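Single-letter residue listing:
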Number of protein chains: 2
Amino acid sequence: MNALVAQSGGPTAVINGSVFGILEGAIMTEGIDKVYGGINGIEGIMSGQIIDLTEWDGKKRTTFLYSPSSGLGSCRYKLPDINRDGPDLDGLEVMNQEYHRIFTILEDYEIACFFYIGGNDSMDTIYKLSEYGRWIGSPIRFIGIPKTVDNDLYGTDHCPGYGSAAKYIIRSIMEMAHDANVYPQKSVHIVEVMGRHAGWLAAATVMARYGTKRAVDLIYLPELPFSLSRFLHDVEVKLKRKSHVIVVVSEGLRKSNGEFVASEEGHESDRFGYRKMGGVATYLAQELKVSFHQSKSQVNGLDQSLSSCKVVAVELGILQRGSIYHASRTDLYEAVNCGYHGLLFALQGISGQMVVMDREPDQPYHIHYRHIPIEEAAGKEKTVPRELINQRGNHMKENFLDYIRPLIQGNVEIPEKEGLPLFIGDEALNNHYVYK
Amino acid sequence: MNALVAQSGGPTAVINGSVFGILEGAIMTEGIDKVYGGINGIEGIMSGQIIDLTEWDGKKRTTFLYSPSSGLGSCRYKLPDINRDGPDLDGLEVMNQEYHRIFTILEDYEIACFFYIGGNDSMDTIYKLSEYGRWIGSPIRFIGIPKTVDNDLYGTDHCPGYGSAAKYIIRSIMEMAHDANVYPQKSVHIVEVMGRHAGWLAAATVMARYGTKRAVDLIYLPELPFSLSRFLHDVEVKLKRKSHVIVVVSEGLRKSNGEFVASEEGHESDRFGYRKMGGVATYLAQELKVSFHQSKSQVNGLDQSLSSCKVVAVELGILQRGSIYHASRTDLYEAVNCGYHGLLFALQGISGQMVVMDREPDQPYHIHYRHIPIEEAAGKEKTVPRELINQRGNHMKENFLDYIRPLIQGNVEIPEKEGLPLFIGDEALNNHYVYK
């Protein structure tokens, strides 16, 4: 009886931890012979890109654990809906040919448990597979393992990947605050972080400190409609009190009519209509410069000093989701445990479920692992509750600190040689396909 | 007999190390009573923003050491030329009023040694001060302490700040390479790093590895004229052999006519003519997309696959110069030592000199600290020698590894509390001015 594990959706710094948890668990416990790895998620599995992870020695497994991003590759592939209205069984196989193909491969490999590590969309994939399996009477167990830097999966206290991305962003902003403060000239730094629909990553920056004070002056989340005039006013009010202002914005800020702020009319897109890099921060920086230059300051007496104010847009980019050097040990440990508990649940015969983390209400911080039906999580989004955001909608309330603080604790020591990390390369994956 | 130290120009991750070296040195050795810190460089000193660093206890000094960026603030202030053609002494004081003001303050504080930590422009400042001092017969000793992430200071093997910035960039690109490789879809990442005139930081990325291979496929330095058509060709040739291509470019790439590539005609600038964020990488990404879409591929047979190739521009931004988490211990140690040796030289009566590092020719890596006349360094730029760049001008030769490897060795352990760094805040500086 074998297992298959694959990764899907955007990478995180600790997503390999969940593969590691399944693999180490299978080695330690009875019941699983081989653990196969599907390359590039369900898309790669359909084309037979499958490798035998149980061939890896301990050193390779550890190197894999401490390598950032989806070591087995990823995909953004959406399975079609299951078609249950065929003329006969053969007809149904033709009409559901992708499912038929996948299940044929799973049976060829004698897969008893299929683990899929991903976010909302990936949970849709594993849900459909488990539904199809149930329908055709397959004994294969399907388990979803949560991961997303966006922290927007429903049914779990938080998601593996979030704590590390948050820690990267918080530390980067703390380093940036020191850079911003070196010149006497007034400045505004607008830092854009990931979060298309949920502002958990932007919210986390309430943790960032400059000395004993908050490093971030204003935080705008996609959960609340964004008003440009209020933003300009907020910044000018802050500049009245201090010389260096740091603003954090989620990439997915929307106006009250639901449109993305960054795709607002007048915002440039390139010759093919691609949205430019650094959408919302760059746009807001431009608007701020216009406001300062036109001296249409809503706060009196500031015009003179603001015309020379430096405005910098910073997009943290893909490093925020894949920096193992800034990973939280708590997060990595939980990623491993989500994989491991997924394996235990599968061995108990459980299927069609996603592993979730419950936070025990008592101190100290403790996580209880359990599972919920995947359909409860698939396709839903958990956003930042209004009651954690301040009244004006431009910062977090202090009690959000209780939520985020435990998630960023502990550092990860990266195996290194000559000052550089020993990450796993694609040598570990390519030319090792075992599909017959 | 007191000392004054100030920082100038762009911050680095380890620039506080040189202040620390002077301060610890003064505490350990005889001859210096107080070490004052000038806030915001020479500009702040002229307005009397001076604090007493010898009041700091050991804990505060250590916190300062491990805090990134110029903890004493910085400036980009250029002193006027010295006017030696006055009608009489009083007239000369009026005509050189900034110098007169500075020397009055230095005398008020009984400063015997003035240390200025900075790059090319800062060396110009300390050179002019030392010249003025010599002219008026002042006994004050002026010492320049090198620092720059650009590594372009003349007369020293390398500059404090460079190794840490290089290490940040190398590690970030290694993490990025893992992100770039997760999807099967072809991709090109164009990473823009600092370097307006010298490409040392871009060159350092030859160290970055993806598994056992080089992570960076193409490197373009400002030392060589940039050809867009050659660049497009180079990328397409790489894409023939591999799916994911990483290109590193210095921000200061220039065309053969000397113009900056990023300010090329047709490149967008905002409503006030500011150069847009992410100049050269964004520009090249656009050009690459145009090239892929128009199928004007210079290499046959690639057009089909390239039209869906993802092109991502990444600007590493200010984090590359101020990330203490990625600092090289060697670099921090050398920054401290440059400060410390500067103090020792000053105590020997030396003035008008800049501390430099000589690399001993023998293995293992060893640095010898000495000093050169500041005028040998001020205003000059050390660029990457042609013989270290490959023949086609799109990558480094392997022997450059021998230069860069020792500079990034060792990690720095950052004092932390609750998962976040304990950096010094401006509480340490503000409201502590001691000027009478």
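Reading the values: the criteria
Along every chain, residues carry numbers that run from 1 in the direction the sequence is written. Chain A is the first chain written and ligand 1 is the first ligand written, with later ones labelled in order. Local features in this predicted model are restricted to residues whose pLDDT is 70 or higher, and side-chain atom pairs enter the listing and the counts only when it is 80 or higher, whereas totals over whole chains, interfaces and linings include all residues. Side-chain measures were taken over the full set of non-hydrogen atoms in the model, leaving aside hydrogen atoms and water. Only protein chains enter the accessibility calculation, which uses a 1.4 Å probe; a residue whose area is less than 20% of its type maximum is buried, one above 50% is exposed, and one in between is partly exposed. The numbering of helices and of strands both runs from the N terminus, where a helix is a DSSP run of H or I of at least 4 residues and a strand a run of E of at least 2. Whether two residues touch is decided by their heavy atoms; if any such pair falls within 4.5 Å, the residues are in contact. Superposing the copies works by least squares over the C-alpha atoms of residues that have pLDDT at least 70 in both of them. Throughout this description, the term nonpolar core refers to a set of buried Ala, Val, Leu, Ile, Met, Phe, Trp, Tyr and Cys residues connected via side-chain atoms within 4.5 Å. Pairs of N or O atoms are called polar contacts if they sit within 3.5 Å, as long as, within protein, a hydrogen donor faces a hydrogen acceptor (for residues adjacent in sequence, only side-chain-to-side-chain pairs). pLDDT: the predictor's confidence for each residue, scored from 0 to 100. Two strands qualify as a pair provided DSSP detects at least 2 bridges between them. As a rule, the C-alpha atoms of each element are fitted with a line to give its axis, helices using only the stretch in contact, and angles between N-to-C directions run from 0 to 180 degrees. What goes into a patch is any residue over 30% in relative accessible area without a salt bridge, connected to like charges within 9 Å or, for nonpolar side chains (Val, Leu, Ile, Met, Phe, Trp, Tyr), within 5 Å. Computed with a 1.4 Å probe, the accessible areas rest on the Shrake-Rupley method; for each residue, only the protein chains presented here act as cover. What counts as a salt bridge is simple: a side-chain nitrogen of Lys or Arg found within 4 Å of a carboxyl oxygen of Asp or Glu. Positive residues here are Lys and Arg, negative ones are Asp and Glu, while His and the chain termini are left out of the count. Taken as the charge location is NZ of Lys, CZ of Arg, CG of Asp or CD of Glu. Handedness of a crossover: with both strands directed away from the viewer, a clockwise path from the first strand across the helix to the second marks it as right-handed. Angle categories: roughly parallel below 35 degrees, roughly antiparallel above 145, roughly perpendicular from 65 to 115, and oblique for all the rest. Gly counts as polar in this scheme, as do all residues outside two lists: the nonpolar Ala, Val, Leu, Ile, Met, Phe, Trp, Tyr, Cys and Pro, and the charged Asp, Glu, Lys and Arg. Throughout, the accessible surface (probe 1.4 Å) given up by two parts as they are put together, summed over both, is called the buried area.

Engineer: Any chance you could explain helix H3 (residues 58-65) of chain B here in plain terms?
Structural biologist: Each α-helix winds once per 3.6 residues, and so residues spaced three or four apart point in a common direction. All of the buried residues along H3 of chain B are Arg61, Thr63, Phe64 and Leu65 of chain B. Packed against the buried residues of H3 of chain B are helix H1 (15-28) and helix H13 (329-347) of chain B.

Engineer: It is not clear to me how the relation of the copies chain B and chain A should be interpreted in this structure. Could you clarify?
Structural biologist: The operation relating the two chain copies consists of a rotation about an axis and a shift along that axis. Of the transformation placing chain B onto chain A, the axial shift is 0.0 Å and the rotation is 180 degrees, giving an RMSD of 0.0 Å. Taken together, the turn and the small shift mark the pair as related by a two-fold rotation axis. Here 99% of the interface residues in chain B have copies in chain A that are interface residues too; the copies meet face to matching face.

Engineer: Would you explain the nonpolar core in this entry?
Structural biologist: For soluble globular proteins, nonpolar side chains are generally found buried alongside one another. In this structure, Tyr162, Met396 and Phe400 of chain A together with Tyr162, Met396 and Phe400 of chain B are the most contacted members of the largest nonpolar core, which totals 120 residues. Not counting residues within four places of it along the chain, the set of residues in contact with Tyr162 of chain A comprises Thr148, Val149, Asn151, Trp200, Leu201, Ala204, Asp331, Phe400, Tyr403, Ile404 and Leu407 of chain A.

Engineer: Help me out: how do you make sense of the side chain of Arg171 of chain B in this one?
Structural biologist: Relative to the helices and strands, Arg171 of chain B is located in helix H7 (residues 162-180). Among the polar contacts made by the side chain of Arg171 of chain B, one reaches the side chain of Tyr325 of chain A at a distance of 3.3 Å. Polar side-chain contacts of Arg171 of chain B include one of 3.0 Å to the side chain of His326 of chain B. For Arg171 of chain B, the contacting residues outside a window of four places in its chain are Tyr325, Glu416, Gly419, Leu420 and Pro421 of chain A together with Tyr325, His326 and Asn411 of chain B.

Engineer: I would appreciate a short explanation of unusual backbone geometry in the present structure.
Structural biologist: Peptide bonds are trans in most cases, and residues, glycine excluded, mostly fall at negative phi. In this chain, Gln363 of chain A is followed by Pro364 of chain A through a cis amide linkage whose omega measures -5 degrees. Its identity is not glycine, yet Glu418 of chain A carries a phi of approximately 55 degrees, on the positive side. Relative to the elements of secondary structure, Glu418 of chain A occurs in the loop between strand S14 (416-417) and strand S15 (420-421). Within the chain, Glu110 of chain B stands out as a residue other than glycine whose phi angle is a positive 55 degrees. Given a relative accessible area of 55%, Glu110 of chain B falls into the exposed group.

Engineer: Which parts of the structure should I look at to understand the confidence of the model for chain A?
Structural biologist: A low pLDDT means the predicted coordinates there should not be read in detail. Residue and element names in this part refer to chain A. Counting all residues, the mean pLDDT for chain A is 91, and 92% of those residues have values of 70 or more. Overall, residues 264-277 carries pLDDT values under 50, and its contacts beyond four positions in sequence, including any with other chains, amount to 33 contacts. Both scores are given for the predicted complex: the pTM is 0.93, the ipTM 0.92.

Engineer: I would appreciate a short explanation of the sheet that holds strand S10 (residues 244-250) of chain B in the present structure.
Structural biologist: All names here are of chain B. In spatial order, the strands read S9-S10-S6-S11; together these four strands make up an open sheet with parallel pairing. A single partner strand is all that each edge strand has here, and the edge strands are strand S9 (218-220) and strand S11 (310-315). This sheet shows a mean twist of 15 degrees between the axes of neighbouring strands, independent of strand direction. Here strand S6 (residues 187-193) pairs with S10 via seven bridges, running parallel. Counterpart to Ser187 in the pairing with S10 is His244. Each of S6, S10 and S11 touches H7; the most contacted strand, S6, lies at about 165 degrees to it. Here helix H10 (residues 279-293) sits on the sheet and contacts S6, S10 and S11; the angle it forms with S6, its principal contact strand, is near 160 degrees.

Engineer: Sorry, what's going on with a negative patch on the surface here?
Structural biologist: Taken together, the side chains of Asp33, Glu107, Asp108 and Glu110 of chain B define an acidic patch exposed on the protein surface. Look at Asp33 of chain B and you get exposed, because its relative accessible area is 57%.

Engineer: Where do I start with the pairing of strand S4 (residues 111-118) of chain A in this structure?
Structural biologist: Along a regular strand, successive side chains alternate from one face of the sheet to the other. All names here are of chain A. Of all eight residues making up S4, eight are buried, and the element is well covered by its neighbours. Relative to S4, strand S1 (residues 2-7) runs parallel, the two sharing six bridges. Residue pairing across strands places Val5 opposite Phe115, the latter belonging to S4. As paired strands, S4 and strand S5 (residues 141-146) are joined by six bridges and run parallel to one another. Directly across from Cys113, in S5, lies its bridge partner Arg141. Chirality of the crossover, the property in question, places the unit of S4, helix H6 (residues 120-136) and S5 among those that are right-handed.

Engineer: Sorry if this is basic, but what is going on with the sheet that holds strand S1 (residues 2-7) of chain B here?
Structural biologist: Within a sheet, neighbouring strands are paired by backbone hydrogen bonds and run either parallel or antiparallel to one another. Residues and elements named next belong to chain B. An order of S3-S2-S1-S4-S5-S12-S13 is seen for the seven strands of this open sheet, with the pairing classed as mixed. Looking along the sheet, the strands with just one partner apiece sit at the ends: strand S3 (50-52) and strand S13 (367-373). If you compare each strand with its neighbour and ignore which way they point, the axes differ by 30 degrees on average. Direction of pairing for strand S2 (residues 35-38) relative to S3: antiparallel, over a ladder of three bridges. When the bridges of S3 are listed, Gly37 appears paired with Ile51. Most of the contacts of H13 go to strand S5 (residues 141-146), to which it runs at about 165 degrees, and overall it touches strand S4 (111-118), S5, strand S12 (353-359) and S13.

Engineer: Is there a simple way to think about the packing of helix H1 (residues 15-28) of chain A against helix H3 (residues 58-65) of chain A in this case?
Structural biologist: Angle between the axes and distance between the axes are the two parameters that describe a pair of packed helices. Residue and element names in this part refer to chain A. Running from amino to carboxyl end, H1 crosses H3 at an angle of 155 degrees, the nearest separation of the two axes being 8 Å. With respect to each other, H1 and H3 are oriented roughly antiparallel. Of the residues in H3, those touching H1 at Asn16, Gly17, Val19, Phe20, Leu23, Glu24 and Ile27 are Arg61, Thr62, Phe64 and Leu65. Here the contact of H1 with H3 is built from residues that sort into six nonpolar, three polar and two charged.

Engineer: It is not clear to me how the pattern of salt bridges should be interpreted in this structure. Could you clarify?
Structural biologist: Opposite charge on two side chains permits pairing when their charged atoms draw close. Residues and elements named next belong to chain B. Tallied over the entire structure, the rule returns 34 salt bridges over all chains. Between Lys242 and Asp217 there is a salt bridge, with its nearest N and O atoms 2.7 Å apart. Taken together, the residues Lys242 in the loop between helix H9 (228-241) and S10 and Asp217 in the loop between strand S8 (213-214) and S9 connect sequence positions 25 residues apart. According to the relative accessible area criterion, Asp217 is buried, its value standing at 9%.

Engineer: Help me understand the interface of chain B and chain A in this model?
Structural biologist: Interface size is often expressed as the accessible area that is lost when the parts come together. On the chain A side, the residues contacting the 70 residues of chain B number 69 residues. Together chain B and chain A conceal approximately 6,000 Å² of surface at their shared face, both sides included; 56% is due to carbon and sulfur atoms. For the chain B face of the interface with chain A, the top three residues by lost area are Glu175, Tyr183 and Leu420 of chain B, together amounting to 11%. Where chain B touches chain A, the interface holds six salt bridges. The shortest N-O distance in the salt bridge between Glu416 of chain A and Arg171 of chain B comes to 2.8 Å. The interface formed by chain B and chain A holds 34 residue pairs in polar contact (both at pLDDT 80 or more) in total. For the side of chain B that touches chain A, the secondary-structure elements that each account for two or more residues are H7, H10, S11, helix H12 (319-322) and strand S15 (420-421) of chain B. The dominant element in the side of chain B that touches chain A, judged by the number of residues it contributes, is H7 of chain B, at ten residues. Across the side of chain B that touches chain A, the residue classes tally to 28 nonpolar, 23 polar and 19 charged.

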